[in-house]
Amino acid sequence: MRLAVIVHRYSDEVAGGAEKLAHGFAQAAAQRGWTIEVWTTCARSHYSWENFFPAGASEINRALVRRFPVTHWDHFHRAQLEFRLTLLGTLPFDEQLAWLETGAHSAPLYRHIRAHASEFDALIVLPYAMPLAHYAVWCAPNRAIVLPCLHDEAYAYLQVTRLLMENARGVIFNSPEERDLALCKLKIQPQRFAVMGAGVELPALDLPRDASRRDLVYVGRLEHGKNTHLLYQYVQRYFEAGGDIRLIVLGDGPVRPPAHPAFEYRGFVSEADKARACADALAICQPSVNESFSFTIMEAWVCQRPVLVHHDCAVTQAQVRRCDGGLWFRDYEEFVGALEWLARNPERAKRMGANGADFVRANFTWDVVLDRFARIFAAWQNSNGAARRA
Amino acid sequence: MAQEISDDLIEIHDPEINAAEIMAHIREQIARRRQEQGYAQRVFPSFGGTAYPGEPTDIEYDPNLYHHLRLANETFANVDTAAQLPATRATQFPIFGALWVRVRAYLHRIILFYVNRALTHQVNVNRHLISVLNQLTAQNQDQRRQILALKSQLESLRAAKEN
């Protein structure tokens, strides 16, 4: 199989679900022997879009990575449109097009797509919230398979999002709940669709868990959109009320924890350190209500630990219910209730983590996910053939 | 027509762990504790805000209150954030005029960038405040109705006693 993965940032040093999905998919597919190219920008930060990596081609773990410079980004105009989108909940269609236009773009990347798309069986494009993904799909819609990583947020309701997903060759969702959001709530009608998910891996640990620790761990981008501020509020309140808890924060972003003894901020750490922190934790908390998959909870389960998720996130709550791998909360009292239940029932908490690990092994190793992708792709190829014969 | 590839996820069901039951148990405990502390009737907010309740048709009301409340609801998010860049004499100059248009637009955008951040915060605060006002007004309506009903009961009791 010959595939090109198109994503706005590509590196094992960047945090973000879509980026991680693109990276993991490309690496695993290349290891499997598929011909994989990654077409991306030179940017490392999606806040500054500075061309950090050198442009050109290089091979990373058998995947050929072609980087193109970011040539356009109208920061001020975009901020203005984002503000209006926040304020109004939507934008008129001409402003939606301007919202696309003002995003980070790479003209050389689009030229490359137009020139070389036909040499590949499919282009895997993600995520939908990046204008670059929209332009990439419109360069070769008949080859593009979109992995939207859709959330229930203002961008999802834009007409340009509908056009993107209905004109691509197919759409692959990360979870049944993401599919339901697109099809049932947003009423999007893709030409083809399927649910695939992502593969999850973390380094194996050689030391057993330190059972005396009562740390709660957060892993991911530190942004308002991820609800990290809510988690900080809850942890600080519980700590100040005499609760025995400390939140270890791994990741980076603008919403860092306050300087307070309830928090330990470790920043961006290696995969091994992340695995260690998760394995030693009482639980891993994912407070975000904007998830289409959540690597964070899957990685917690790989480390055999339970998770605490937000009641209002359909995706994470459903994943937890599918394997009884943790608990959920919708306010401070439930957060404390769940936390104290986990602390009082260490053996059952451990078992929740083990259930999660079984769930990940059954559904979300890269081997399982790539097999699923191969089945989806073959079925779509066959349906194309049938349509042509008809 | 859309085609879906059906590929269900394998679920893990542990006979000894049922997360939904555990959560139900935790919620029962919270409810019991609330009852002990005297706030059993606490209702969780919907987070959707409270809508303008509308002028009541069955009781007297202060028209000024509803006039201002209605306008506050309609206008609190109507903020004009577009840059105002009308042509001036300076923009008509050859070469310099075009340059000035670009510099001026850029400066306006920088200012709007920071102003809009503060404005977003203020609009969100306004949304909460107006939601509170709407809710208080709705509660006030209910209480006025209750007072009228009680007054009417009192009058009929007084009348019965006098008779």
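Residues numbered from 1 in each chain as written. Chains lettered and ligands numbered in written order. Predicted model: local features only at pLDDT ≥ 70, side-chain atom pairs only at ≥ 80, totals over all residues.

**Some details on the overall build of chain A**
(1) Moving on: Across its full length, chain A holds 14 helices and 14 strands.
(2) Moving on: Its C-alpha atoms put chain A at 65 × 45 × 40 Å along the principal axes.
(3) Moving on: Looking at chain A residue by residue over its 390 residues, the buried ones come to 50%.
(4) Moving on: A fraction of 64% describes how many contacts in chain A between residues 6 or more apart in sequence connect residues 24 or more apart. (Helix = DSSP H or I, 4+ residues; strand = E, 2+ residues; numbered from the N terminus. Buried ≥ 20, exposed ≤ 12 C-beta atoms within 10 Å, placed from the backbone. Contact = placed C-beta atoms within 7 Å.)

**Some remarks on the overall build of chain B**
(1) Moving on: Each helix and strand in chain B was counted, giving four helices and one strand.
(2) Moving on: Along chain B, helices (α) and strands (β) appear in the sequence β-α-α-α-α when read from the amino end.
(3) Moving on: Per-residue burial over chain B gives 6% buried out of 163 residues.
(4) Moving on: Relative to all contacts within chain B whose residues are 6 or more apart in sequence, the contacts with residues 24 or more apart total 66%.

**What to know about the interface of chain B and chain A**
(1) Moving on: At the interface, 32 residues of chain B touch 42 residues of chain A.
(2) Moving on: Those elements that place two or more of their residues in the side of chain B that touches chain A are β1 (3-5), α1 (19-37) and α4 (96-162) of chain B.
(3) Moving on: Broken down by element, the residue count for the side of chain B that touches chain A peaks at eight residues, all from α1 of chain B.

**Looking at helix α5 (residues 131-139) of chain A**
(1) Moving on: Of all nine residues in α5 of chain A, eight are buried; the element is thus mostly enclosed.
(2) Moving on: Looking only at α5 of chain A, the buried set comprises Pro131, Leu132, Ala133, His134, Tyr135, Ala136, Val137 and Cys139 of chain A.

**A look at the sheet that holds strand β10 (residues 246-250) of chain A**
Residue and element names in this part refer to chain A.
(1) Moving on: Spatial ordering of the open sheet is given by β11-β10-β9-β12-β13-β14, a layout of six strands whose pairing is parallel. The sheet terminates laterally at β11 (263-267) and β14 (326-329), the two strands that pair on one side only. Mean inter-strand twist for the sheet, computed between neighbouring axes without regard to direction, equals 25°.
(2) Moving on: Seen against the sheet, helix α11 (residues 314-323) touches β12 (283-286), β13 (307-310) and β14 and runs at an angle of roughly 145° to β13. (Pairing = 2+ DSSP bridges. Axes fitted to C-alpha atoms, helices over the stretch in contact; angles between N-to-C directions.)

**Regarding the packing of helix α12 (residues 332-344) of chain A against α1 of chain B**
(1) Moving on: Here α12 of chain A crosses α1 of chain B at 120°, and the two axes come no closer than 10 Å. The angle between the axes of α12 of chain A and α1 of chain B places the two elements in the oblique class. In this structure, α12 of chain A crosses over α1 of chain B, and the sense of that crossing is right-handed. In contact with Glu333, Glu334, Gly337, Ala338 and Trp341 of chain A of α12 of chain A, α1 of chain B contributes Ile22, Ile26, Arg27, Gln29 and Ile30 of chain B.
(2) Moving on: Residues belonging to the contact of α12 of chain A with α1 of chain B are distributed by class as follows: five nonpolar, two polar and three charged. (Parallel < 35°, antiparallel > 145°, perpendicular 65-115°, else oblique. Left-handed = near helix turned anticlockwise from the far one by under 90°. Nonpolar A, V, L, I, M, F, W, Y, C, P; charged D, E, K, R; others polar.)

**Structural notes on the nonpolar core**
Residues and elements named next belong to chain A.
(1) Moving on: Among the nonpolar cores identified, the biggest contains 126 residues, and Val5, Ile124, Leu126 and Val146 are the most heavily contacted of them.
(2) Moving on: With eight residues, the top contributor of residues to this core is helix α1 (residues 17-31).
(3) Moving on: When residues of this core are sorted by domain, at least three fall in each of domain 1 (2-199 + 366-389) and domain 2 (215-363).
(4) Moving on: Those residues within four positions of Val146 in sequence are excluded, and the remaining contacts are Val125, Leu126, Tyr128, Val137, Leu164, Met165, Ala168 and Val171. (Core = buried A, V, L, I, M, F, W, Y, C linked by C-beta atoms within 7 Å. Domains from an automatic or database assignment.)

**Some remarks on helix α6 (residues 159-167) of chain A**
Residue and element names in this part refer to chain A.
(1) Moving on: All of the buried residues in α6 are Thr161, Leu164 and Met165. The buried side chains of α6 occupy one side of the element, clustering within an arc of 85° when seen end-on.
(2) Moving on: Structurally, α6 contributes buried residues whose contacts are with α5, β6 (144-146), β7 (170-173) and α7 (176-185). (Arc of directions from axis to C-beta.)

**Let's talk about the domain arrangement of chain A**
Residues and elements named next belong to chain A.
(1) Moving on: What the domain assignment reports for chain A is domain 1 (2-199 + 366-389) and domain 2 (215-363).
(2) Moving on: Between the C-alpha centres of domain 1 and domain 2 there is a distance of 28 Å.
(3) Moving on: Taken together, the 15 residues of domain 1 in the interface contact 14 residues of domain 2.
(4) Moving on: At the level of elements, α1 and α7 are the ones that each hand at least two residues to the side of domain 1 that touches domain 2.

**Examining the pairing of β14 of chain A**
Residues and elements named next belong to chain A.
(1) Moving on: In β14, alternate side chains face the same way, and those of Gly326 and Trp328 on one face and Leu327 and Phe329 on the other are all buried.
(2) Moving on: Strand direction decides the pairing type here: β13 and β14, joined by four bridges, are parallel. Bridge pairing links Leu308 to Leu327 in β14.

**Digging into the pairing of strand β9 (residues 215-219) of chain A**
All names here are of chain A.
(1) Moving on: Within β9, four of the five residues are buried, leaving the element largely enclosed by the surrounding structure.
(2) Moving on: One ladder, built from five bridges, connects β9 with β10; its direction is parallel. Bridge pairing in β10 links Leu216 to Leu247.
(3) Moving on: Crossover β9 to β10 through helix α8 (residues 228-240) is right-handed.
(4) Moving on: The pairing of β9 with β12 spans two bridges and is classified as parallel. Within β12, the residue paired with Val217 across the bridge is Ile284. (Right-handed = clockwise from strand over helix to strand, strands pointing away.)

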